[in-house]
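One letter stands for each residue in the lines below.
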Amino acid sequence: MLNFEIKERIPNALGRAGIIKTTHGDIETPAFIPVGTKATVKALTPEQVREYVGAQAFLANTYHLYLQPGMDIMRASGGLRKFMNWPGPTFTDSGGFQAFSLGNVSGKRKSKFGVVDETISNGGQANTYSSWTRPLVPPLRRDSGLLLGLGLLTSASEMSKRSKYSPAQEENDITNSMAKIDDAGVTFKSVIDGSTHHFSPEKSIDIQVAIGADIIFVLDECAPPDADREYQMRALERTAMWAEHSLEYWKKTKRADPNNYQSLFGIIQGGRYEDLRKLSAETIGKMDFDGFGIGGTFDKGDVSKAVNVVCQELPEGKPRHLLGIGELEDMIMAIENGIDTFDCVAPTRIARNGSAYISGGKRINILNAPFRNDFAPVDEKCSCYTCMNYSRAYIAHLFRAKEMLGATLLSIHNLHFVVDFVAKARRAIVEGDFSHFKDDFLKSLHS
Ligand SMILES: [Zn+2]
């Protein structure tokens, strides 16, 4: 089992400070986990990520490593940590999100709607995403046993109403669609060469075993952010089924090695629908996972309630990871409502565009004219390597001269800023002062 200790709680809230103990080191939580998509946090050496950023762990991406360098190389390398000289804990996602969202970009025209492609389905059960936009509603399975069992689909008339979906609504050429989902998994095209691949729940685990991260996630169906309720229900049902298969497979085959224990996290879905998120958390939360990831897209300002509803249903003694949240305000709200770890590409992505966080949570863009002769650090109050040694003017010069060191220096600053921000939130929880920390931050952010 993964060892997770709760050290202190936020009074009258679900938030907590704790320690996740992995085979390769501890993670003090709450913690921000930088993203190293292709076994590298972009523009930084692993040593910089550890020493200058202060990151305790990072999250790599299964989809990208599967396609490049591929599983043979990953196995031969001895795993992610050896391959990239990172001594600490690591996470990998399941690869599902990218398979769904990137599976359609191999040079063909994107169509506006997802369509139901009966020809590749098992009994008409496939969903097809042709772009990350609103899908049409696919026909529900006749044997939607799980949802029926959960009381979600109670009436036969409701079922038959749903099954009246007509393919005549389809207006797109289905050959444009590159990511296809059925009960067996997701079939998608490589972003690198357009070749076709398939992820099943079991295969996602096999790939993540080859990569060898300490914390790995089950394959889930990531419905497009604006998918409607019926689509979300189907995605939720499939996600629950895949979770069961993953857990079974994991227990049978991979779980026994105490020297290289990989923790399997289930994933909660449900899109924007509160009751579906709650249902997903109830269902997945009962399964014997080491921890849980919360996926999906949230409306602005919706994070605290969405996370609260889910965390109320999850077992208290297991860690919870929020996938892909990068706004500081959202992080504070998520921490208060019971999230232990986050990952997001935002700090490094915006850094490469010249954007930097400053104290109070606002941002500056280093390419703005006044910074050309501004010899102050990026942020006066920041103690990072970049701010201790370099000026805004120097970094502005590097960006204007298209020198890659500019992206490196700003990535160090932004990642340090976010990692440190979450570490301060942790300290505030431990010292019983979280509500002040939160109020002060929100005041300065909105001033
Ligand atoms: Zn700094």
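Below or above, wherever it landed, is the structure these notes cover. (Residues numbered from 1 in each chain as written. Predicted model: local features only at pLDDT ≥ 70, side-chain atom pairs only at ≥ 80, totals over all residues. Heavy atoms only, no water.)

### A short note on the pattern of salt bridges
Here the idea is simple: oppositely charged side chains can pair when their charged atoms come close.
Phase 1: Following the criterion strictly, the structure yields 19 salt bridges and no others.
Phase 2: The salt bridge involving Glu274 is made with Lys305; its shortest N-O contact spans 3.0 Å. Highlighted residues: Glu274 in helix α10 (residues 274-285) and Lys305 in helix α11 (residues 303-313), separated in sequence by 31 residues.
Phase 3: Across the pair Lys278 and Glu313 runs a salt bridge whose closest N-O atoms are separated by 3.3 Å. Taken together, the residues span a long stretch of sequence, with Lys278 in helix α10 and Glu313 in helix α11 at a distance of 35 residues.
Phase 4: By relative accessible area, Glu313 is classed as partly exposed at 26%.
Phase 5: Taken together, the salt bridges that share partners define one network made up of Glu5, Lys7 and Lys21. (Salt bridge = Lys/Arg side-chain N within 4 Å of Asp/Glu carboxyl O. Helix = DSSP H or I, 4+ residues; strand = E, 2+ residues; numbered from the N terminus. Buried < 20%, exposed > 50% of the residue type's maximum accessible area, 1.4 Å probe, protein only.)

### Observations regarding the packing of helix α16 (residues 405-430) against helix α17 (residues 434-445)
Phase 1: Following both chains from N to C, one finds α16 and α17 inclined at 140°, their axes separated by 7 Å at the closest point. Together, Phe421, Lys424, Ala425, Ala428 and Ile429 of α16 and Phe434, Phe437 and Phe441 of α17 make up the contact between the two elements. (Axes fitted to C-alpha atoms, helices over the stretch in contact; angles between N-to-C directions. Contact = heavy atoms within 4.5 Å.)

### Focus: the coordination of the zinc ion
Phase 1: Coordination sphere of the zinc ion, protein contribution only: Cys382 (SG), Cys384 (SG), Cys387 (SG) and His413 (ND1), at 2.1 to 2.3 Å.
Phase 2: Of note is the zinc ion, whose four donor atoms meet at the metal with angles of 98 to 118° in an arrangement that counts as tetrahedral. (Donors = N, O, S within 2.8 Å, 3.2 Å for Na, K, Ca; no water. Tetrahedral: all angles 85-135°; square planar, octahedral: opposite > 155°, others 65-115°.)

### Points about the sheet that holds strand β3 (residues 25-29)
Strand-to-strand pairing in sheets goes through backbone hydrogen bonds, with the strands running parallel or antiparallel.
Phase 1: The strand order across the open sheet formed by three strands is β1-β2-β3, and the pairing between neighbours is antiparallel. Only two strands of the sheet have a single neighbouring strand rather than two, namely β1 (3-9) and β3. The average undirected angle you get between the axes of adjacent strands in this sheet is 15°.
Phase 2: In the sheet, β1 pairs with strand β2 (residues 16-22) via six bridges, with the strands oriented antiparallel. Of the residues in β2, the one forming a bridge with Arg9 is Arg16. (Pairing = 2+ DSSP bridges.)

### Structural notes on the environment of Ala227
Phase 1: In this fold, Ala227 is placed in the loop between β11 (215-217) and α9 (229-253).
Phase 2: A relative accessible area of 5% means that Ala227 is categorised as buried.
Phase 3: A sequence separation of 45 residues divides Ala227 from Arg272, and the C-alpha atoms of the two residues are 8.9 Å apart.

### Topic: the nonpolar core
Phase 1: With 101 residues, the main nonpolar core has Phe32, Leu80, Phe199, Phe289, Leu322 and Phe342 as its most contacted residues.
Phase 2: Among the elements that make up this core, the one with the highest residue count is α16 (10 residues).
Phase 3: When residues of this core are assigned to domains, at least three fall in each of domain 1 (3-94 + 201-344) and domain 2 (350-445).
Phase 4: Membership of the second largest hydrophobic core comes to 16 residues, among which are Ile366, Ile395, Ala396 and Leu409. (Core = buried A, V, L, I, M, F, W, Y, C linked by side-chain atoms within 4.5 Å. Domains from an automatic or database assignment.)

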